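Structural features, examined
Residues per chain, in single letters:
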There are 2 protein chains.
Amino acid sequence: MRLTEQAYLVLLALADEPRHGYGVVQEVRALSGGAVRLGAGTLYGILDRLVSAGYAEGSGEVVVDGRLRRYYRLTPTGHDALTAETARLAALARRADRLLGGVPRPGIA
Amino acid sequence: MRLTEQAYLVLLALADEPRHGYGVVQEVRALSGGAVRLGAGTLYGILDRLVSAGYAEGSGEVVVDGRLRRYYRLTPTGHDALTAETARLAALARRADRLLGGVPRPGIA
DNA sequence: ACGATATATATCGGCGGCCGACCTATCAGC
DNA sequence: GCTGATAGGTCGGCCGCCGATATATATCGT
């Protein structure tokens with residue numbers, strides 16, 4: 001499966017503990033520094049795709065304050081994919097930093 | 001403008017020096033460790049969008065070995081966007097590493 | 001001489017992910 | 001009673017990605 005940045009963030013949001021949909025939205029917003037706000041359509045589309053790919057799975061339902069929470073957790077496969085993608089991102093960021101460090105900003109200072 | 005990963009890589013490929021289309025494809029492949037191979041449709045679509053957004057601009061045409069090369073270069077605005085996006089990526093990679101259990105090295109990395 | 005590969009440009013249509021709009025429902029606060 | 005936050009989900013449109021296709025030149029192997 002192709003990991004887009006949004007899908008990656010959802011995986012990352014599930015890394016430390018199982019979360020329900022709305023919790024994933026909040027965690028992604030926090031992880032991205034407020035930059036990425038998942039809409040409902042985006043979230044459930046990604047969640048379905050992650051489950052289909054075997055990267056995540058349902059982890060029970062709980063009723064809290066009269067509201068249903070549907071939890072999701074990472075599978076081992078999903079954790080591997082997350083680790084690999086994180087390594088790829090880190091390597092890219094390192095390369096980019098090196099490239100930008102050696103080249104001063106052109107034009108108006 | 002929304003910066004996808006492919007568009008980001010194209011910007012990054014233009015960071016150190018102006019390149020022509022085919023050169024960008026090769027540089028992106030190198031920068032991504034062979035993972036990202038831009039097709040023609042992807043490349044010229046991105047290039048047009050970058051120019052429209054004021055992030056890149058044409059930088060002359062040269063004929064080499066009977067083949068036309070159309071060069072592109074970053075604008076100052078594009079360079080700023082690239083720097084900002086790189087910082088965002090680096091921050092995300094750092095957060096992800098910490099979350100996955102990677103112990104941050106004290107002092108020099 | 002011929003075909004395959006690499007270089008170099010560009011267009012086009014399909015696929016699919018993203019996203020906002022919308023719907024239902026409960027609870028807290030004004 | 002209304003609004004906003006919490007919690008679930010569907011749906012249609014927009015648009016970026018990508019392969020296929022077209023055109024053209026230079027090179028290399030057979």
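Residues numbered from 1 in each chain as written. Chains lettered and ligands numbered in written order. Predicted model: local features only at pLDDT ≥ 70, side-chain atom pairs only at ≥ 80, totals over all residues. Heavy atoms only, no water.

**Description of the protein's contact with DNA strand D**
Threshold: Put simply, a residue is near a molecule or strand once any heavy atom of it comes within 4 Å of that molecule or strand. Distance and chemistry together define a polar contact, namely a pair of N or O atoms within 3.5 Å, with one atom able to donate a hydrogen and the other to accept it when in protein, and with adjacent residues in sequence counting only for side-chain atoms on both sides. Where helices and strands are cited, they refer to DSSP runs of H or I of at least four residues and of E of at least two residues respectively, numbered from the N terminus. Ten residues, namely Ala, Val, Leu, Ile, Met, Phe, Trp, Tyr, Cys and Pro, are considered nonpolar, four, namely Asp, Glu, Lys and Arg, are considered charged, and the remaining ones, Gly among them, are considered polar.
In the vicinity of DNA strand D, 21 residues are found, and the nearest of them are A:Tyr22, A:Tyr44, A:Arg69, B:Thr4 and B:Arg67. For DNA strand D, the backbone portion of the atoms within 4 Å of the protein, that is sugar and phosphate, comes to 75%. Between DNA strand D and the protein, one listed contact pairs a phosphate oxygen with a side-chain N or O atom of B:Arg49 at 3.2 Å. Broken down by secondary-structure element, the contributors of at least two residues to the surface near DNA strand D are α2 (21–31), α3 (40–52) and β3 (67–74) of chain A together with α3 (40–52) of chain B. Top element by residues in the surface near DNA strand D is α3(B). It accounts for 5 residues. Here the residues of the surface near DNA strand D are counted per class, giving 6 nonpolar, 9 polar and 6 charged.

**What about the environment of A:Ala90?**
To be explicit about the condition: Note on classification: 1.4 Å probe, protein chains only; a residue is buried when its accessible area is under 20% of the maximum for its type, exposed when over 50%, partly exposed between these limits. It only takes one pair of heavy atoms within 4.5 Å for two residues to be counted as in contact.
Within the secondary structure, A:Ala90 is located in helix α4 (residues 76–101). Take A:Ala90: its relative accessible area is 15%, and that puts it in the buried class. Sequence separation of A:Ala90 and A:Leu14 is 76 residues, and the distance between their C-alpha atoms is 19 Å. Among residues more than four places away in sequence, those in contact with A:Ala90 are B:Ala93 and B:Asp97.

**A short note on helix α1 (residues 5–13) of chain B**
Of all the 9 residues making up α1(B), 7 are buried; the element is thus mostly covered by neighbouring parts of the structure. Those residues of α1(B) hidden inside the fold are in contact with α4 of chain A together with β1 (19–20), α2 (21–31), α3, β3 (67–74) and α4 (76–99) of chain B.

**Focus: the interface of chain B and chain A**
Basically, it comes down to this: Buried area is understood as the total, over both parts, of accessible area removed when two parts are fitted together, assessed with a 1.4 Å probe. A pairing counts as a salt bridge when a side-chain nitrogen of Lys or Arg comes within 4 Å of a carboxyl oxygen of Asp or Glu.
Taken together, the contact pairs 26 residues of chain B with 29 residues of chain A. For the chain B and chain A pair, buried surface summed over both sides reaches about 2500 Å², with 69% attributable to carbon and sulfur atoms. Ranking the residues of chain B by area buried against chain A places B:Leu92, B:Leu99 and B:Leu100 at the top, with a combined share of 23%. Taken together, the links from chain B to chain A amount to 2 salt bridges.

**Focus: the packing of helix α1 (residues 5–13) of chain A against α4(A)**
All names here are of chain A. The line we're drawing: Axis lines are fitted through C-alpha atoms, for helices just across the contact stretch, and the angle between N-to-C directions can take any value from 0 to 180 degrees. Roughly parallel means an angle under 35 degrees; roughly antiparallel, over 145; roughly perpendicular, 65 to 115; everything else is oblique. Should the near helix be turned counterclockwise from the far one by less than a right angle, the crossing is left-handed, whereas a clockwise turn marks it as right-handed.
Running from N to C, α1 and α4 cross one another at 120°; their axes reach a closest spacing of 10 Å. Taken as axis vectors, α1 and α4 run oblique relative to one another. For the element pair α1 and α4, the recorded crossing hand is left-handed. Residues Tyr8, Leu11 and Leu12 of α1 lie in contact with α4, whose contacting residues are Gly78, Leu82, Glu85, Thr86 and Leu89. Split into classes, the residues belonging to the contact of α1 with α4 amount to 5 nonpolar, 2 polar and 1 charged.

**A word on the relation of the copies chain B and chain A**
Where we set the bar: The fit set for superposing copies consists of C-alpha atoms from residues with pLDDT of at least 70 in both; the fit itself is least squares.
Here chain B sits on chain A after a turn of 180° about the axis and a move of 0.0 Å along it, with an RMSD of 0.1 Å. Such a combination of turn and shift is consistent with a two-fold rotation axis. A shared interface surface links the copies, since 92% of the contact residues of chain B are contact residues in chain A too.

**Considering the packing of α1(A) against α3(A)**
All names here are of chain A. α3 packs onto α1 with a crossing angle of 75° between their chain directions and a minimal axis gap of 10 Å. Viewed along their axes, α1 and α3 adopt a mutual orientation that is roughly perpendicular. Seen from α1, the contacting residues are Gln6, Ala7, Val10 and Leu11; seen from α3, they are Thr42, Ile46, Leu47 and Leu50. The residue makeup of the contact of α1 with α3, split by class, is 6 nonpolar, 2 polar and no charged.

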